[in-house]
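Analysis of the macromolecular model
Here's the letter readout for the chains.
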Amino acid sequence: MPTSRSVLVRPFLLMATLAGTLSGQAVRLTDGDLLVQRALASLQHDQAWTLAQQIAICEIPAPPFKEATRAEDFKRRLIALGYLDTRIDAVGNVIAQLGAGTGPTVMVAAHLDTVFPEETDVRTTRIDDRVAGPGIGDNCRGVAVLLTLAKVFKETGLTPDGRVLLVGNVGEEGPGNLRGMRHLFTAEFPREIDYFISIDSPGGARIVSRAVGSHRYTITFAGPGGHSYGAFGMTNPMHAMGRAIAHIAALEVPDGPKTTFNVGVVRGGTSVNTITPQASMEVDLRSESADNLREMDQRLQDAVARGVAEELARWPASRAPITVRYDTIGIRPTGGQSDDAFIVRTAKAAAALLDDGLNWTPRTTASSTDANLPISLGIPAITISGGGAGGGAHGTEEWYRDTADAYKGPQFALLIITALAGVRLAP
Ligand SMILES: [Zn+2]
């Protein structure tokens, strides 16, 4: 005879009832639904607490590769909430775990890093419900929402049927190149995660369901170089790069999802009267389609090779070679995920439940976020907003407004998490 019995429920009934899809029918909410309903009320009650966390976290600098101080602080906050086993992994991600059942494993993450260099003044200023400060929305909002979820899970005794991993991760912004995610999905929890949710920045029911991938390179052209007058007739790496840029500028993009290219930075040169020994450019390719990205990669390399060949052909008497080197700045992988995917439909249903005809009407979109990595591995993943309103992300004038319904951000996340992970009820 079993000594204990647990029941897996998902708050579908609650969601369906409140969303009105079962209107006209008498529905009795399950115990699981009632637990979720209690947690939703707690999240609303905790709105001011969430904002206080958001401000405190924001005032701890977290530049790319220097997230450690904020990570230690975040770990302390989780331990204080009762997550005694909270740990920091080899690359700096903070990991706490809720539940240890055999149901699905859901990872919920918020990135700790900002785009701001170390010397940035990260103090915040607050006037009523408006707070200004670098990183206050992107992503102190996400981190604070994650903490509030952690708090309410403990307080209400809401336990997943499987596992919920609460993660403050490193390396989301450009230079970080998703290194936090790479480590989590390949080294820390390989093949263990069934669903992934990233909470990133303020806003309503924006569901990032498709990943915009990118390939970014520094391409360096080099040769011996020489005097502009004395060595005239020698091949010129800067001219080769100019020819290559002209070919890149003329590229056609493949059909299908939006695909883009950009030469964003050019560098090089010694003086006006020198054939420079070196010139370089930074190039960004983007697409939602992995095939299109591969195709564009090939077209980029062809354009560069053509530029060099033309420069060599221009000066057949020159014996000076031109070499080309590609250094990868960042690779953000992409992959297909349909808006019919279970995780996307679940998020839409959760948003519909909160919908007041304003900010919580669900809409799906494509972006480049931490969810890129799991999506590229075929793991169902979305990025959602954390409630409230904001603007000026990645600038020092960034602001956040704690709107009257800002608590819907954590509620949105909780509904999705419990729908995916299930709720374990005590016998
Ligand atoms: Zn962000």
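Model, not experiment: these values are computed from the prediction. (Residues numbered from 1 in each chain as written. Predicted model: local features only at pLDDT ≥ 70, side-chain atom pairs only at ≥ 80, totals over all residues.)

Observations concerning the environment of Ala110
- Residue position: Ala110 is located in strand β4 (residues 105-111).
- Since 30 C-beta atoms lie within 10 Å of it, Ala110 is described here as buried.
- In contact with Ala110, not counting residues within four places along its chain, are Asn139, Gly142, Val143, Val145, Leu146, Gly168, Ser198, Ile199 and Asp200. (Helix = DSSP H or I, 4+ residues; strand = E, 2+ residues; numbered from the N terminus. Buried ≥ 20, exposed ≤ 12 C-beta atoms within 10 Å, placed from the backbone. Contact = placed C-beta atoms within 7 Å.)

Some words on the packing of helix α2 (residues 31-45) against helix α5 (residues 140-156)
- Taken N-terminus to C-terminus, the directions of α2 and α5 make an angle of 130 degrees; their axes are 10 Å apart at the nearest point. The orientation of α2 relative to α5 falls into the category oblique. Crossing of α2 against α5: the hand is right-handed. Judged by residue contacts, Leu35, Arg38, Ala39, Ser42 and Leu43 of α2 engage Thr148, Val152, Glu155 and Thr156 from α5.
- Residue classes in the contact of α2 with α5 are distributed as four nonpolar, three polar and two charged. (Axes fitted to C-alpha atoms, helices over the stretch in contact; angles between N-to-C directions. Parallel < 35°, antiparallel > 145°, perpendicular 65-115°, else oblique. Left-handed = near helix turned anticlockwise from the far one by under 90°. Nonpolar A, V, L, I, M, F, W, Y, C, P; charged D, E, K, R; others polar.)

Some words on the sheet that holds strand β16 (residues 323-332)
- Spatial strand order, β13-β15-β11-β16: four strands in an open sheet with antiparallel pairing. The strands lining the two open edges of the sheet, one partner per strand, are β13 (259-268) and β16. Each neighbouring strand pair of the sheet contributes to a mean axis angle of 20 degrees, computed without reference to strand direction.
- Here β13 pairs with strand β15 (residues 278-287) via nine bridges, running antiparallel. The partner of Asn262 across the bridge, within β15, is Asp284.
- Running at roughly 20 degrees to β15, helix α7 (residues 237-249) makes contact with β11 (213-222), β13 and β15 of the sheet.
- Along the sheet face, helix α8 (residues 290-314) touches β11, β13, β15 and β16 and points at about 155 degrees away from the line of β15. (Pairing = 2+ DSSP bridges.)

Some details on the domain arrangement of the protein
- Splitting the protein by domain gives domain 1 (7-212 + 335-425) and domain 2 (213-332).
- Centre-to-centre separation of domain 1 and domain 2, based on C-alpha positions: 41 Å.
- Here the side of domain 1 that touches domain 2 is composed, by residue class, of four nonpolar, five polar and one charged. (Domains from an automatic or database assignment.)

Observations concerning the pairing of strand β9 (residues 195-199)
- Most of β9 is tucked away: five of the five residues are buried.
- Side-chain alternation along β9 places Tyr195, Ile197 and Ile199 on one buried face and Phe196 and Ser198 on a second face that is also buried.
- Judged from the four bridges that link them, β4 and β9 form a sheet pairing that is parallel. In the sheet register, Ala109 faces β9, and the bridge partner there is Ser198.

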